[in-house]
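Structure at a glance
The residues making up each chain are set out below.
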Amino acid sequence: MHGVKRPRPGQKDPEDVARAKAAKERARIVDYTILREQLAHYRANKEYTNDALTITSRVLVINPEYPTGWAFRRRILQRELFQDKSQDQIQTLLEADLALTAKCLLKNPKEYAVWEHRKWVLKSMPDPGWEYELKMVQGLLERDARNYHGWDYRRYIVASLRSSTPPPNTKHKRPNTTLKSELAYTTNKISASFSNYSAWHYRSKLMEKILSEVESSEEREKMLDQEFDLVKQALYTDPDDQSAWIYHRWLTRGADVSIIKREVGVIQELLELEPESKWCLDSLVYYQKLLMSHMQDEQERSTLRNACVEHLKKLERVDGLRINRYKRLANEL
């Protein structure tokens, strides 16, 4: 027919390819529906057997986003683990589940149910391989540095290493992670991208623990100054990204007036370079309101209040979508 593009010799007709793909998908859905019904039958009848375990494997490989399947699988495994199994048998049984979750994470590395099941497996294992887990999640964060689940899992691994001791005759090398080595890891990730909110968030959790262990006030102040220098670089690099601003607010929690005043000065300098920066203006309002709460002199409070009102007026223009918020804040002053 005229106007119809013919496939080249040896090339499949696109319509045939589309029909074959649709038929394959229909068959997959039918197969999955049957498997789901079988799983529901085993679950309703409380049949915690190897056959039921196999069905959960087949269902979860097709659809990892099925929390009920993972929960039923844990119930089966718990029954299995308490049926006169040796430590080696339990280890082997659970290693198969690590392989299953790894396969599912390749399909969807951001599925809560899969990550939670993997944590449960490691918690139940006689001899977990923490070094492999750390390398695995490090590889995942290399591919997607902002994967919240990866960062959460890394925190879980480090916390587990800090709160546990290796079993006798362990077959696995134990990674030597410390709070400071993890802090260095976040520094590398943040340096690669100042907008990596997950790295900043993890850093705040690490700094909280590190600072709580520092006895010298001079050392503590030195560490905080280094953090302010790091976050200042991020703010000046991309003043429109919220990640560093949120970390900056975390750093100033409980800070004395002199530090807050210093940081207000830093933000005012940045505002001169970026006069339309929403986050500069918003942060000045936040910190100047904070300063007002520390001031007794009414003249100083009035000066700060007037500055806040001016910033909020400008925010109404710069960030019109939140105009009502800024009007409310101005009325509350």
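Cut-off values and rules
- In this numbering scheme, every chain counts its residues from 1 along its sequence in written order.
- Reporting in this predicted model follows two pLDDT cut-offs: at least 70 for local features of residues, and 80 or more for side-chain atom pairs to be given and counted; totals over whole chains, interfaces and linings ignore these cut-offs and use all residues.
- Neither water nor hydrogens contribute to the side-chain values; these are computed over all heavy atoms in the structure.
- Secondary structure elements follow DSSP: runs of H or I of four or more residues count as helices, runs of E of two or more count as strands, with numbering from the N terminus.
- The quantity called the radius of gyration is restricted to C-alpha atoms. Its globule counterpart is 2.2 Å times the number of residues to the power 0.38.
- Exposure is judged per residue with a 1.4 Å probe applied to protein chains only, and the accessible area is read against the type maximum: over 50% gives exposed, under 20% gives buried, and values in between give partly exposed.
- Computed by Shrake-Rupley with a 1.4 Å probe, the accessible areas treat only the displayed protein chains as cover when residues are assessed.
- Just so you know, the count uses Lys and Arg for positive and Asp and Glu for negative, and it drops His and the chain ends.
- We put the charge of a Lys on NZ, of an Arg on CZ, of an Asp on CG and of a Glu on CD.
- Lines are fitted to the C-alpha atoms to define the axes, a helix being fitted only along its stretch in contact, and any angle between axes, read from their N-to-C directions, falls within 0 to 180 degrees.
- The cut-offs work like this: below 35 degrees is roughly parallel, past 145 is roughly antiparallel, 65 to 115 is roughly perpendicular, and the gaps in between are oblique.
- Crossing handedness is read from the near helix: turned anticlockwise from the far helix by less than a right angle, it gives a left-handed crossing, and turned clockwise, a right-handed one.
- Contact criterion: two residues are considered in contact whenever any of their non-hydrogen atoms come within 4.5 Å of each other.
- Amino acid classes used here: Ala, Val, Leu, Ile, Met, Phe, Trp, Tyr, Cys and Pro are nonpolar; Asp, Glu, Lys and Arg are charged; the rest, including Gly, are polar.
- Classification of ring pairs uses Phe, Tyr and Trp, with its six-membered ring standing for Trp, and accepts pairs whose centres are within 6.5 Å; under 30 degrees between planes counts as stacked, over 60 as edge-to-face, and the remaining range as tilted.
- Sitting over a ring, as applied to charges here, requires NZ of Lys or CZ of Arg to be within 6 Å of the ring centre and within 35 degrees of the ring normal.
- An expected span of 1.5 Å times one less than the residue number is assigned to each helix.
- Polar contact criterion, stated in full: a pair of N or O atoms within 3.5 Å, where within protein one must be able to donate a hydrogen and the other to accept it, and residues adjacent in sequence count only if both atoms are side-chain atoms.
- Residues belong to one nonpolar core when they are buried, are Ala, Val, Leu, Ile, Met, Phe, Trp, Tyr or Cys, and are joined through side-chain atoms within 4.5 Å.
- Each salt bridge in this description consists of a side-chain nitrogen of Lys or Arg and a carboxyl oxygen of Asp or Glu lying within 4 Å of one another.

A few words now on the overall build of the protein chain. Scanning the protein chain from terminus to terminus reveals 15 helices and 0 strands. Taking 333 residues into account, the globule formula puts the C-alpha radius of gyration at 20 Å, and the protein chain, at 28 Å, lies well above it. C-alpha extents for the protein chain along the principal axes are approximately 80 × 75 × 40 Å. Going through the 333 residues of the protein chain one by one, you find that 41% of them count as buried. Of the accessible surface of the protein chain, which amounts to about 19,800 Å², a share of 50% is contributed by carbon and sulfur atoms. When the 56 positive and 49 negative side-chain charges of the protein chain are each reduced to one mean point, those points stand 6 Å apart.

This brings us to the packing of helix α6 (residues 130–143) against helix α7 (residues 148–163). At a minimum axis separation of 10 Å, α6 and α7 run at an interaxial angle of 160°. By the angle class used here, α6 and α7 are roughly antiparallel. The element α6 and its partner α7 pack so that their crossing is left-handed. Along the contact surface, α6 presents W130, E133, L134, M136, V137, Q138, L140 and L141, while α7 presents G150, W151, Y153, R154, Y156, I157, S160 and L161. By residue class, the composition of the contact of α6 with α7 is 11 nonpolar, 3 polar and 2 charged.

Let us look at the packing of aromatic side chains. Per the stated rule, a full pass over the model turns up 9 aromatic pairs. Taking the centre distance of 4.8 Å and the plane angle of 50° together, the rings of W115 and Y153 count as tilted. Of this pair, W115 sits in helix α5 (residues 112–124) while Y153 is found in helix α7, placing the two residues 38 residues apart along the sequence. In this structure, W115 and Y153 share a single accessibility class: buried. Aromatic rings pair up to connect W115, W130, Y153 and Y156 into one cluster. Cation over ring: R249 sits above Y286, and NZ or CZ is 4.3 Å from the ring centre. If you follow R262 out to its NZ or CZ, it ends over the ring of F228, 4.9 Å from the centre.

The contact between helix α2 (residues 50–62) and helix α3 (residues 67–81) brings their axes to 10 Å, and the two run at 150°. In terms of their interaxial angle, α2 and α3 are classed as roughly antiparallel. Between α2 and α3 lies a crossing of left-handed hand. Residues N50, A52, L53, T56, S57 and L60 of α2 form the contact with α3, whose own contacting residues are G69, W70, F72, R73, I76, L77 and E80. A per-class count over the contact of α2 with α3 returns 7 nonpolar, 4 polar and 2 charged.

Counting buried residues in helix α11 (residues 242–251) gives 8 out of 10 residues, a clear majority hidden from the surface. Every buried residue of α11 is listed here: S243, A244, W245, Y247, H248, R249, W250 and L251. Contact partners of the buried residues in α11: α9 (197–213), α10 (217–237), α12 (257–273) and α13 (278–294).

This next bit is on α7. The end-to-end C-alpha separation of α7 is 23 Å, in line with the 22 Å expected for 16 residues at 1.5 Å each. Within the span of α7, buried status applies to H149, G150, W151, Y153, R154, R155, Y156, I157, V158, S160 and L161. Buried residues in α7 make contact with α5, α6, α8 (179–192) and α9. The backbone nitrogen of H149 lies 2.9 Å from a side-chain oxygen of the residue at the head of α7, namely N147.

Here the focus is the nonpolar core. In this structure, Y153, I157 and W200 are the most contacted members of the largest nonpolar core, which totals 86 residues. Counting residues per element, this core draws most heavily on α13, at 8 residues. Look past the residues within four positions of Y153 in its chain and what remains in contact with it is W115, R118, K119, L122, E133, M136 and V137.

So, about the pattern of salt bridges. Overall, the coordinates contain 22 salt bridges when judged by the stated rule. Across the salt bridge formed by E208 and R253, the nearest N and O atoms sit 3.1 Å from each other. Of this pair, E208 sits in helix α9 while R253 sits in the loop between α11 and α12; the two residues are 45 residues apart in sequence, bridging distant segments of the chain. The residue R249 makes a salt bridge to D282 at a minimum N-O spacing of 2.7 Å. Placement of the pair is R249 in helix α11 and D282 in helix α13, with a sequence separation of 33 residues. Residue classification places D282 among the buried residues on the basis of a relative accessible area of 9%. Salt bridges here are not isolated pairs; linked through shared partners, they connect E116, K119, D152 and R155.

That's the geometry; what it means functionally is another story.
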